[in-house]
Amino acid sequence: MTDDIAKVIQGIATDILRLSQTILGDASIGTNAKTGKNTLKNSMLAKNVKVEIRSLDEPIVIETLFDNYVQYIEQGRKPRQGKQPPIDALRDWALARGIPTDNSTLFMISRAIWRDGQTGRPILATLEEEIAKQFEDKWADMLFEAITGQLNKYFE
């Protein structure tokens, strides 16, 4: 792989990170139905998102890494389905928001999540759509130019 193509791939990875953070900051996606606030904009999920280039060989692999609980935010939760969320999983969340972390408080939060459910927010689905749009509108042309530039150099 040439330096020109590697630069394009790095640019794509940077754009994917920017897209991820833009999606999490988007009020239409990040707004929690219970609070009416965008709870994803400055969240730990937004701060911890990473994009890594795993391989520059064939095939090129660019991974977007979110914290593992993104699946719960994406899918949501129906009221009174399954078990209550474990209170250990809520402890860090409560600490970051100045909420008491005693077991009874965390149990009541867990119970409310189980009782009321949670509306899913399409983070990954939206990211997938935006990546497809960017590839069609921008990235395919950038890759094409880098590849044809290398071919022109080769045949000169």
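What you are looking at is a predicted structure, and each value in this text was computed from that prediction instead of being measured. Along every chain, residues carry numbers that run from 1 in the direction the sequence is written. For this predicted model, a pLDDT threshold of at least 70 governs which residues receive local features, and a threshold of 80 or more governs which side-chain atom pairs are given and counted, while totals over whole chains, interfaces and linings are taken from all residues. Where side-chain values are given, they derive from all heavy atoms of the structure, hydrogens and water being excluded.

**Q** Would you explain a nonpolar patch on the surface in this entry?
**A** Residues Ile147, Leu151, Tyr154 and Phe155 make up a contiguous nonpolar surface patch of about 500 Å² in total accessible area. Under the DSSP-based scheme used, a helix requires at least four consecutive residues in state H or I and a strand at least two consecutive residues in state E, with every element numbered from the N terminus. With respect to the element layout, isoleucine 147 can be found in helix H7 (residues 123-155). For each residue, the accessible area found with a 1.4 Å probe, counting protein chains only, is set against the maximum for its type, and the residue is called buried under 20%, exposed over 50%, and partly exposed in between. For isoleucine 147, a relative accessible area of 42% translates into the label partly exposed. Only residues above 30% relative accessible area that lack a salt bridge enter a patch, with like-charged residues linked at up to 9 Å and the nonpolar side chains Val, Leu, Ile, Met, Phe, Trp and Tyr linked at up to 5 Å. Reported accessibility uses the Shrake-Rupley method at a 1.4 Å probe radius. Residues are deemed covered only where the shown protein chains occlude them. In what follows, salt bridge is the name for a side-chain nitrogen of Lys or Arg lying within 4 Å of a carboxyl oxygen of Asp or Glu.

**Q** Can you help me understand the packing of helix H1 (residues 3-25) against H7 in this one?
**A** Between two packed helices, the angle of one axis relative to the other and the distance separating the axes together describe the packing. Packing of H1 against H7 brings their axes to within 10 Å, and their N-to-C directions diverge by 165°. With respect to each other, H1 and H7 are oriented roughly antiparallel. The two elements H1 and H7 cross, and the hand of that crossing is right-handed. Here the nonpolar group is Ala, Val, Leu, Ile, Met, Phe, Trp, Tyr, Cys and Pro; Asp, Glu, Lys and Arg are the charged ones; every other residue, Gly included, is treated as polar. For the contact of H1 with H7, the class distribution of residues is 16 nonpolar, four polar and five charged. To obtain an axis, a line is fitted to C-alpha atoms, over the contacting stretch when the element is a helix, and the angle between two such axes runs from 0 to 180 degrees between their N-to-C directions. Throughout this description, any angle smaller than 35 degrees is read as roughly parallel, any larger than 145 degrees as roughly antiparallel, any in the 65 to 115 degree range as roughly perpendicular, and the remainder as oblique. Left-handed describes a crossing in which the near helix is turned anticlockwise from the far one by less than a right angle; the clockwise case is right-handed.

**Q** Help me understand the side chain of threonine 126, please; the structure alone is not making it clear to me.
**A** One can find threonine 126 in helix H7. Residue class for threonine 126 comes out buried when judged on its relative accessible area of 15%. The contact rule is simple, with two residues in contact once any of their heavy atoms fall within 4.5 Å. When near neighbours in sequence (up to four residues on either side) are disregarded, threonine 126 contacts Ile23 and Ile29.

**Q** When you look at the pattern of salt bridges in this model, what are you seeing that I'm missing?
**A** A side chain with one charge can pair with a side chain of the opposite charge if their charged atoms come near. Applying the stated criterion across every chain, the model contains eight salt bridges. When the shortest N-O distance is used, the salt bridge between arginine 18 and aspartate 15 registers 4.0 Å. On the criterion of helical spacing, the pair formed by arginine 18 and aspartate 15 is a turn pair, its members being three residues apart in helix H1. Arginine 18 sits in the partly exposed class, given a relative accessible area of 40%. The class for aspartate 15 is buried, based on a relative accessible area of 11%. Two residues, lysine 138 and aspartate 15, come together in a salt bridge whose shortest N-O distance is 3.0 Å. Of the two residues, lysine 138 is situated in helix H7 and aspartate 15 in helix H1; the sequence distance between them amounts to 123 residues.

**Q** Even after reading the chapter, I still don't get the packing of aromatic side chains, so can you show me in this structure?
**A** The geometry of an aromatic ring pair is captured by the separation of the ring centres together with the interplanar angle, meaning the angle of the planes. Two rings belonging to Phe, Tyr or Trp (six-membered ring only in the last case) form a pair when the distance between their centres is within 6.5 Å. Interplanar angles under 30 degrees mark stacking, angles over 60 mark edge-to-face geometry, and anything in between is tilted. A complete count under the given rule lists one aromatic pair for this structure. When the centroid spacing of 5.0 Å and the interplanar angle of 80° are considered together, the rings of tyrosine 154 and phenylalanine 155 count as edge-to-face. The exposure classification of tyrosine 154 matches that of phenylalanine 155, with both residues exposed.

**Q** Looking at this structure, how should I read the packing of helix H5 (residues 87-96) against helix H6 (residues 103-116)?
**A** The contact between H5 and H6 brings their axes to 9 Å, and the two run at 105°. If you check the angle between H5 and H6, you find them roughly perpendicular. Here Ile87, Leu90, Arg91, Trp93 and Ala94 of H5 come into contact with H6, specifically with Asn103, Leu106, Phe107, Ile109, Ser110 and Ile113. Taken together, the residues that form the contact of H5 with H6 break down as eight nonpolar, two polar and one charged.

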